[in-house]
Each structure stands twice: as structure tokens, then as C-alpha cells.
Amino acid sequence: MFASPLTDAAELRPLSPWHAEEFLAHLDRARTHIAPWVGASFVATDLESARRVLRRYAEKWAADAGGIWGIWAGGTLVGGVMFVSFDPVSGVAEAGCWLEPAAEGRGLVTRAATRIVDWAIRERGIHRVEWRTSVGNVRSVAVARRLGMRHEGTLREVVPGPAGRVDVEVWAVLAGQWSPTGGPRASA
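Residues numbered from 1 in each chain as written. Predicted model: local features only at pLDDT ≥ 70, side-chain atom pairs only at ≥ 80, totals over all residues. Heavy atoms only, no water.

Undergrad: Even after reading the chapter, I still don't get the nonpolar core, so can you show me in this structure?
TA: Note that soluble globular proteins tend to have their nonpolar side chains buried in a common cluster. Ranked by size, the top nonpolar core spans 34 residues in total, and within it Leu12, Ile71, Phe83, Val129, Trp131 and Met149 carry the most contacts. For this core, the secondary-structure elements that each account for two or more residues are β2 (10-14), β3 (67-73), β4 (76-87), β5 (92-99), α3 (108-123), β6 (128-134), α4 (138-146) and β8 (164-174). No other element matches α3, which puts eight residues into this core. When residues no more than four places from it in sequence are discounted, the contact partners of tryptophan 131 are Ala95, Gly96, Cys97, Ala113, Ser140, Val143, Ala144, Leu147, Met149, Glu169, Val170 and Trp171. Of all hydrophobic cores here, the second largest spans 20 residues; its members include Val43, Leu54, Leu77 and Met82. (Core = buried A, V, L, I, M, F, W, Y, C linked by side-chain atoms within 4.5 Å. Buried < 20%, exposed > 50% of the residue type's maximum accessible area, 1.4 Å probe, protein only. Helix = DSSP H or I, 4+ residues; strand = E, 2+ residues; numbered from the N terminus. Contact = heavy atoms within 4.5 Å.)

Undergrad: Got a minute to help me understand the layout of surface pockets in this structure?
TA: Once rolled over the atoms, a probe with the size of a water molecule shows which space is left empty. As a volume, the largest pocket reaches approximately 1200 Å³. Lining the largest pocket are 44 residues, and of these Trp37, Val38, Cys97, Arg132 and Asn137 sit closest to its centre. Its volume calculated, the second largest pocket comes out at about 270 Å³. What lines the second largest pocket is a set of 16 residues, and nearest its centre among them are Phe2, Pro14, Trp61, Ile68 and Trp69. Contributions of two or more residues to the lining of the second largest pocket are made by β2, α2 (47-62), β3 and α3. (1 Å grid on protein atoms, 1.4 Å probe; cavity = no way out; pocket = protein on both sides within 12 Å on 5 of 7 lines; lining within 4 Å. Points joined across faces, edges and corners; volume = space filled by probe spheres on them.)

Undergrad: Which parts of the structure should I look at to understand the sheet that holds β3?
TA: Each strand in a sheet pairs with its neighbour through backbone hydrogen bonds, running either in the same direction (parallel) or in the opposite one (antiparallel). Strand order across the open sheet formed by eight strands is β1-β2-β3-β4-β5-β6-β8-β7, with mixed pairing between neighbours. Looking at which strands have only one partner, the edges of the open sheet turn out to be β1 (4-5) and β7 (150-161). Bridge analysis of β1 against β2 gives two bridges, and the strand direction is antiparallel. Counterpart to serine 4 in the pairing with β2 is leucine 12. Here α2 sits on the sheet in contact with β3 and β4, set at roughly 125 degrees to β3. Of the strands in this sheet, β6 and β8 touch α4, which is tilted by about 160 degrees from β6. (Pairing = 2+ DSSP bridges. Axes fitted to C-alpha atoms, helices over the stretch in contact; angles between N-to-C directions.)

Undergrad: Any chance you could explain the packing of aromatic side chains here in plain terms?
TA: Pairs of aromatic rings are described using the distance from one ring centre to the other and the angle between the two planes. For the structure on display, the rule yields eight aromatic pairs. Look at tryptophan 69 and tryptophan 119: their rings are 6.5 Å apart centre to centre, the planes differ by 65 degrees, and that puts the pair in the edge-to-face class. Here tryptophan 119 lies in helix α3 and tryptophan 69 lies in strand β3, a separation of 50 residues in the sequence. Through a chain of ring-to-ring contacts, the aromatic side chains of Trp61, Trp69, Phe83, Phe86 and Trp119 assemble into a single cluster. Sitting above the plane of the tryptophan 72 ring, arginine 13 keeps its charged end 3.8 Å from the centroid. (Phe/Tyr/Trp six-rings, centres within 6.5 Å; stacked < 30°, edge-to-face > 60°. Lys NZ or Arg CZ within 6 Å of the ring centre and 35° of its normal.)

Undergrad: Which parts of the structure should I look at to understand the side chain of histidine 19?
TA: Looking at the secondary structure, you find histidine 19 in the loop between β2 and α1 (20-34). Dropping the residues within four chain positions of it, histidine 19 is found in contact with Pro14, Leu54 and Trp72.

Undergrad: Before we go on, may I ask you to explain the pairing of β5 in this structure?
TA: The side chains of a regular strand alternate between the sheet's two faces. Counting buried positions along β5 gives six out of eight residues, so the element sits mostly inside the fold. Relative to β5, β4 is paired through eight bridges, and the arrangement is antiparallel. Along β5, the bridge assignment pairs glycine 79 with leucine 99. Where the polypeptide runs from β5 across α3 and back to β6, its parallel neighbour, the crossover connection is right-handed. (Right-handed = clockwise from strand over helix to strand, strands pointing away.)

Undergrad: It is not clear to me how the packing of α1 against α2 should be interpreted in this structure. Could you clarify?
TA: Helix-helix packing is described using two parameters, namely the angle between the two axes and the distance between the axes. Axis separation between α1 and α2 bottoms out at 9 Å; the angle between their running directions is 105 degrees. In terms of axis orientation, α1 runs roughly perpendicular to α2. In contact with Ala20, Glu21, Phe23 and Leu24 of α1, α2 contributes Leu47, Ala50, Arg51, Val53 and Leu54. The residue inventory of the contact of α1 with α2, partitioned by class, reads seven nonpolar, no polar and two charged. (Parallel < 35°, antiparallel > 145°, perpendicular 65-115°, else oblique. Nonpolar A, V, L, I, M, F, W, Y, C, P; charged D, E, K, R; others polar.)

Undergrad: Just to check I follow, could you spell out the pattern of salt bridges for this structure?
TA: Pairs can form between side chains of opposite charge whenever their charged atoms are close. Per the counting criterion, the structure on display carries eleven salt bridges. For arginine 29, the salt bridge is made with glutamate 100, and the minimal N-O distance between the two is 3.0 Å. Remark: glutamate 100 occurs in the loop between β5 and α3 and arginine 29 occurs in helix α1; sequence separation between them is 71 residues. Glutamate 48 is the salt-bridge partner of arginine 51, the closest N and O atoms lying 3.8 Å from each other. With arginine 51 and glutamate 48 both in helix α2 and three residues apart, this pair spans about one turn of that helix. Relative accessible area serves as the criterion here: at 30%, arginine 51 is assigned to the partly exposed category. Glutamate 48 gets classed as partly exposed once you look at its relative accessible area, which sits at 36%. (Salt bridge = Lys/Arg side-chain N within 4 Å of Asp/Glu carboxyl O.)

Put into C-alpha cells, the structure is as follows:
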């Protein structure tokens, strides 16, 4: 099993179906906070639905089509990052994240997202990594900016939400622009 340190007290690790109980406990702490920003199918409400979410990502990983990693701080699962989609043939992936309120403000998501984006571009040859977020999710937009992504546009009323259809901002970074320190890559 691999663990990648994010800080002295936090690490990034694969989130697997056998973590379902821990994942559900984490979602119980985060549910109200993340519900406006993530799909309803992600916010599991019982042990079986938590297993389904993690199995879906395990199947994506096995098919080379996505993946999910948890962020553990002080030994407790507090959030994570994922590739919602990952297509090595087209060279396009979509990254995402979530975090419970108690873990905010420590740079954990930015460090974790940097790690997976860097891996996708440098190790897997992904050309374009997208970041899609609901309009109004200022914390998610801030992560996209810190990753050096550019705002490419807004898809109007693209997904259904509890209060009606939701606009989604699309941010992206291209391999030639990527710098794991954030911001655009310096020109040679």
C-alpha cells in the first residue's frame, strides 16, 4: 500500500471499498457542507451506498478510467481527490475534490490535487486536466487557480440540482502549461 505525505500530519492514500465504514463516517461529518457541490450519488447515506461509491471508483481504476484517493489528517479521513474521468487515449481527465469543514484552510486539497495532476501529466501522458465546479463554489475555484488552471467558460444549466438546474464552470490546464508549483510554467 502506498501513502504520500502532504504535510507532517496528513497523507494521501488510495481510497478502496474496504474503507466504506470510514468513508461513511467521514461523509456524515461532511454531508451538509459538500452536498451543494457534489453529485447526490457521491454523498452516500448508508454503508451499502458508501461501498457502491468506492466500488465504482475501484472499477474505474481497474478500467484505467478514473480513481479516488483519500486525505487522512491525524489518522482520520477528512476528504479526498479523484479523477471523475480519465482517458489516456484522448489524453483528457477530469479531477475533483471534497473536504470536511474541520480540515479546510490547511492546503490539503491543493497539495493532493497537485499530486494527482502531476502524476497524470508526467507519468500517464495526459494532455489536458479539467476541473469542473458549480458556479458559486469559491473554494473549488480557488483550488483550480492555485493549480494554475485557466477558466475556459461556463456551461449554463448543465446539471440538475436540488433548487433547479446548475451552471458549471470549466477550468483546465494543458500539459505544456503545467507546473507542480502552481501557476503557468515558465517559458524557456
